[in-house]
Amino acid sequence: MSKLLKFLKPYIGVIVLIMAALGMQAYCDLSLPTYTSDIVNVGIQQHGITENIPHEITKEDMGILLSFVPEKSKAFVMDAYKESAKGTLVIKKSYTEEKQSKKLSDILKTPMFIGMILKDDSLVKGSDFGGGKVDLSDPKMLEAAVNSGMLQKEIDKKMEGVPDTILDQATFSYVEQAYKNANVNIESRQNKYILNMGAKMLLLAAIGMTASILVGYMASRIGAGVGRDLRRKVFTKVVGFSNAEFDKFSTASLITRSTNDVQQVQMMLVVLLRLVLYSPIMAIGGIWKVFQTNVSMVWIIGVGVAALLVVVITLFVLVMPKFKIVQNLLDKINLVSREILTGLEVVRAFGTQKYEEERFDKANKNFTKVNLFVNRAMTFMMPIMMFIMNCLTVLILWNGAHDINTGDMQVGDMMAFIQYAMQIIMSFLMLTFVSVMLPRAAVAAGRIDEVLVSETAIKDPKTAKHFDKEKKGVVRFHNVSFGYPGAEEDVLKNISFTAKNGQTTAIIGSTGSGKSTLINLIPRFYDPTKGTVTIDGVDIKEVKQHDLREMIGYVPQKGILFSGDIKSNIMYSDPQGKEATMIEAARVAQAEDFISKKEEGYNSPIAQGGGNVSGGQKQRLSIARAVAKNPNIYIFDDSFSALDFKTDLTLRKALKEHTDDATVIIVAQRIGTIVNAEQIIVLDEGEIAGIGTHKELLKTCDEYLQIASSQLSEEELKRDLEEAR
């Protein structure tokens, strides 16, 4: 999780805006159930009446109320009202203010409740007050009942065990009846109230929707930005890898990490910003609202949340270890796919399609098996969550109905409680859904971070030296040894020689003798385990890799071309270079002939990896690319193997003329390619078996003589031996 959050550091400002928008959205979402409750409780049950004292009342109703108002408060009540044009009493504006209104409500609350009790037919039409029925609708009988104290006894019986919610509801019922008696249009008030509340709900919904859209937009921008940055960082890091890092991270794994893993992180960050930040806000806000609505049923939410946590923790324990396996198995599929597709010609030539299909099928089935386990576990979670939510709804309805029946709760409050409970549970449910993605994204983030924090074996020095521009690229090996990381023995041992400018230094030896490894030390694809490699007297470790490689024109053993055209491949080191340079490089590399035969010439397309040109053409274009760079040092790693003898001879002759003042190092298998080299180094099992010219080595080096004997005809070998003597 910490690695995921680390990727968000550059976007702190936008995240603050997202938090503000989420707060606004949560406020809107949490306010809607309250308005729903108000519409039910006030708009429907109270017919839109919000005041707990009548703002308009008939003189008759006021007279009855005053009969139950204490003598000391009657003057205050009478002063609160004035007569209207239609003969009713209306409240003065000053008494609608909070302080005065509360005082008036406290005085009239009990008289209004008594007034509601008096509407009970059993009490009004015929109550037995000690020996006779009394009609309380008659003012004289009412006064007598009040004075005798018998009415108070009947009222006390009615009020026994009545909850406060019933008292409040009775108060609103009295106000409603008072308005009806005063001919106030209650239906109009009700419609106005409901429409007003509905308009506020629509406004809140619109604001919440706008906030949600903004959050989604900003979260998507951040996710896309993080994905872009990670791909760039991974690519930049990988480009700077030495061969040692490529040995640690396979190509297939690096592709997966820069594509699928980045995609996993990108998706998770969007969900993180959209849901994970929103869920706690909603949960805390919902709990606060629940405590305001009904404290007695809070335990139901606690039970639901506990059940959800048990499910989530169980799934985490079961599924979390599998996510890393899933990503590793995806690496395996990519590796097998890449190997098969790259070597498809070999597969067809040897008729091993069935074997390769089985190999891919095995990797695919292993991935599918683990992935199915993960997905099934996650799928199993959803029905459980819905079951928990439905059980909670039933519990709330059961308890809420009981509270409504006893008068401890109103219908609107129960509806609001259900909505808040669902919002709280949904918040935890959203976190649960995130838990499905989080482990895999965390694994992906760890894999990406593993690449980003990996120490590159080949580093630039803190204080770099510079090559003398006047010097020409003399390469010197001094007691150089090299061993691959983890290997028991060194591949190269005590290698010492000097390759001078204006000369060709050739390296020859049997397969596995260390030829390619030796020349890979010059551009610092690897660093020596012991000893030093210098160019013009400067240790190559003490200069920047860019400066070092600027001096080198490298042609690898396998000709590598990039998708584009012939021109872009030849002028790879300088895309804006002169056309004359390109043509000269093609001429030296003996590529002019086949290029001129193409319809589009130098603009002819090159497929990925040079799939639409032959091996020899690919090698010649690779050589032309190095020649066009015009470096001080040329390195050819068995780069003439695909050429016929005639082309090889012509190319080497043209190359000798073009590289007259440069240092040329050639790795070759054929003696014919290096026979005219000024210096030939013979490697045998990582050690120098001999150094000299062709004729000198025939006399002094048995290993070289064996190679020559296997490649030259008896006449050529005899002639060369005689000349050597």
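Rules and cut-offs
Residues numbered from 1 in each chain as written. Predicted model: local features only at pLDDT ≥ 70, side-chain atom pairs only at ≥ 80, totals over all residues. Heavy atoms only, no water. Core = buried A, V, L, I, M, F, W, Y, C linked by side-chain atoms within 4.5 Å. Buried < 20%, exposed > 50% of the residue type's maximum accessible area, 1.4 Å probe, protein only. Helix = DSSP H or I, 4+ residues; strand = E, 2+ residues; numbered from the N terminus. Salt bridge = Lys/Arg side-chain N within 4 Å of Asp/Glu carboxyl O. 1 Å grid on protein atoms, 1.4 Å probe; cavity = no way out; pocket = protein on both sides within 12 Å on 5 of 7 lines; lining within 4 Å. Points joined across faces, edges and corners; volume = space filled by probe spheres on them. Nonpolar A, V, L, I, M, F, W, Y, C, P; charged D, E, K, R; others polar. pLDDT = per-residue confidence, 0-100. Contact = heavy atoms within 4.5 Å. Pairing = 2+ DSSP bridges. Axes fitted to C-alpha atoms, helices over the stretch in contact; angles between N-to-C directions. Parallel < 35°, antiparallel > 145°, perpendicular 65-115°, else oblique. Expected span 1.5 Å × (residues − 1). Arc of directions from axis to C-beta. Bend = angle between axes of the 7 residues up to and from the residue. Polar contact = N/O pair within 3.5 Å; in protein donor to acceptor, adjacent residues only side chain to side chain. Phe/Tyr/Trp six-rings, centres within 6.5 Å; stacked < 30°, edge-to-face > 60°.

### Details of the nonpolar core
- Counting residues in hydrophobic clusters, the biggest one holds 76 residues, and the most contacted among them are Leu-8, Ile-222, Val-226, Leu-230 and Val-265.
- Per-element accounting of this core gives the leading share, 18 residues, to helix 17 (residues 411-453).
- Grouped together as the second largest cluster of nonpolar side chains are 48 residues, Ala-506, Val-555, Ile-707 and Leu-712 included.

### Considering the pattern of salt bridges
- Scanning the entire structure with this criterion turns up 21 salt bridges.
- Across the pair Asp-229 and Arg-232 runs a salt bridge whose closest N-O atoms are separated by 3.3 Å. Of this pair, Asp-229 and Arg-232 both sit in helix 10 (residues 186-239), separated by three residues, roughly a single helical turn.
- Assessed through its relative accessible area of 12%, Asp-229 is described here as buried.

### Examining the layout of surface pockets
- Estimates place the volume of the largest pocket at around 2,500 Å³.
- Lining the largest pocket are 48 residues, with Phe-525, Pro-556, Ile-560, Phe-562 and Tyr-572 positioned closest to its centre.
- For the lining of the largest pocket, the class distribution of residues is 20 nonpolar, 18 polar and 10 charged.

### Considering the confidence of the model for the chain
- Residues at a pLDDT of 70 or more form 90% of the chain, whose mean pLDDT is 82.
- pLDDT under 50 marks residues 121-127. Its contacts with residues more than four places away, or in other chains, come to 21 contacts.
- Counting contacts from residues 129-134, a segment whose pLDDT is below 50, to residues more than four positions away or on other chains yields 17 contacts.

### Section: the environment of Asn-676
- Summarising the element assignment, Asn-676 is placed in the loop between helix 25 (671-674) and strand 16 (679-684).
- For the pair Asn-676 and Val-613, spaced 63 residues apart in sequence, the C-alpha separation works out to 30 Å.

### Topic: the pairing of strand 16
- Among the six residues of strand 16, five are classified as buried, and the element is accordingly described as predominantly covered.
- Looking at chain direction, strand 8 (residues 504-509) and strand 16 are connected through five bridges and run parallel. From the neighbouring strand, Thr-505 faces strand 16, where its bridge partner is Gln-679.
- Alignment of strand 16 against strand 17 (residues 687-692), held across five bridges, turns out to be antiparallel. Across the sheet, the residue bridging to Ile-680 is Gly-692, located in strand 17.

### What to know about the environment of Arg-231
- Looking at the element boundaries, Arg-231 is found in helix 10.
- Since its relative accessible area comes to 35%, Arg-231 is described here as partly exposed.
- Along the sequence, Arg-231 and Ser-258 sit 27 residues apart, while their C-alpha atoms lie 5.6 Å from each other.
- With residues up to four places along the chain from it excluded, the contact list for Arg-231 reads Ser-258, Val-262 and Gln-266.

### A look at the sheet that holds strand 2 (residues 81-83)
- Strand order in the open sheet made by the three strands is 1-3-2, with antiparallel pairing throughout. In the strand order of this sheet, the two ends are held by strand 1 (56-57) and strand 2, each with one partner.
- Pairing between strand 2 and strand 3 (residues 89-91): three bridges, direction antiparallel. Among the inter-strand pairings, Glu-83 is bridged to a residue of strand 3, identified as Leu-89.
- Against the sheet, helix 4 (residues 71-80) engages strand 2 and strand 3, with an angle of about 50 degrees to strand 2.

### Quick word on the packing of helix 23 (residues 615-629) against helix 24 (residues 645-658)
- At a minimum axis separation of 13 Å, helix 23 and helix 24 run at an interaxial angle of 5 degrees. The angle between helix 23 and helix 24 falls in the class roughly parallel. In contact with Arg-620, Ile-623 and Val-627 of helix 23, helix 24 contributes Thr-647, Leu-651, Leu-655 and His-658.
- In terms of residue class, the contact of helix 23 with helix 24 is made up of four nonpolar, two polar and one charged.

### Here's the deal with the environment of Ile-691
- Mapping Ile-691 onto the fold places it in strand 17.
- For Ile-691, a relative accessible area of 37% puts it in the partly exposed group.
- For the pair Ile-691 and Ile-680, spaced 11 residues apart in sequence, the C-alpha to C-alpha distance is 5.6 Å.
- Discounting chain neighbours no more than four positions away, the residues touching Ile-691 are Ser-496, Phe-497, Gln-679, Ile-680, Ile-681 and Leu-697.

### Brief notes about unusual backbone geometry
- Positive phi values are uncommon outside glycine, yet Asp-638 reaches one of about 50 degrees.
- Secondary-structure assignment places Asp-638 in the loop between strand 14 (633-637) and helix 24.
- For Glu-685, which is not glycine, the phi dihedral falls at a positive 55 degrees.
- In this fold, Glu-685 is placed in the loop between strand 16 and strand 17.
- Here Glu-685 falls in the exposed class, since its relative accessible area comes to 63%.

### Things to note about helix 24
- When the terminal C-alpha atoms of helix 24 are compared, their 20 Å separation across 14 residues agrees well with the 20 Å that a helix rising 1.5 Å per residue should span.
- Within helix 24, the full set of buried residues consists of Thr-647, Asp-648, Leu-651, Arg-652, Ala-654 and Leu-655. Axial view of helix 24: buried residues confined to an arc of 165 degrees, hence all on one face. When the buried face of helix 24 is taken as reference, the exposed residues oriented beyond 90 degrees from it are Phe-645, Lys-646, Leu-649, Lys-653 and Glu-657.
- Against the buried residues of helix 24 lie helix 21 (579-588), helix 23, strand 14 and helix 25.

### Side note on helix 2 (residues 12-45)
- Over its 34 residues, helix 2 extends 49 Å from the first C-alpha to the last, a length consistent with the 50 Å expected when each residue adds 1.5 Å.
- Of all bends in helix 2, the biggest is about 25 degrees, found at Ile-39.

### Side note on the side chain of Thr-659
- Mapped onto the elements of the fold, Thr-659 is located in the loop between helix 24 and strand 15 (663-667).
- A polar side-chain atom of Thr-659 sits 2.6 Å from the main-chain carbonyl oxygen of Leu-655.
- Not counting chain neighbours up to four residues away, the residues in contact with Thr-659 comprise Tyr-634 and Val-664.

### Section: the packing of aromatic side chains
- For the structure on display, the rule yields nine aromatic pairs.
- Arranged with centres 5.3 Å apart and planes meeting at 85 degrees, the rings of Tyr-484 and Tyr-526 form a pair that is edge-to-face. Here Tyr-484 is found in the loop between strand 6 (475-482) and strand 7 (492-499), whereas its partner Tyr-526 is found in the loop between helix 18 (515-520) and strand 9 (530-535), with 42 residues between them in sequence.
- Residue Tyr-484 is classed as partly exposed on the basis of its relative accessible area of 27%.
- Geometrically, the ring pair formed by Phe-525 and Tyr-554 is edge-to-face, given 5.3 Å between the ring centres and 85 degrees between the ring planes.

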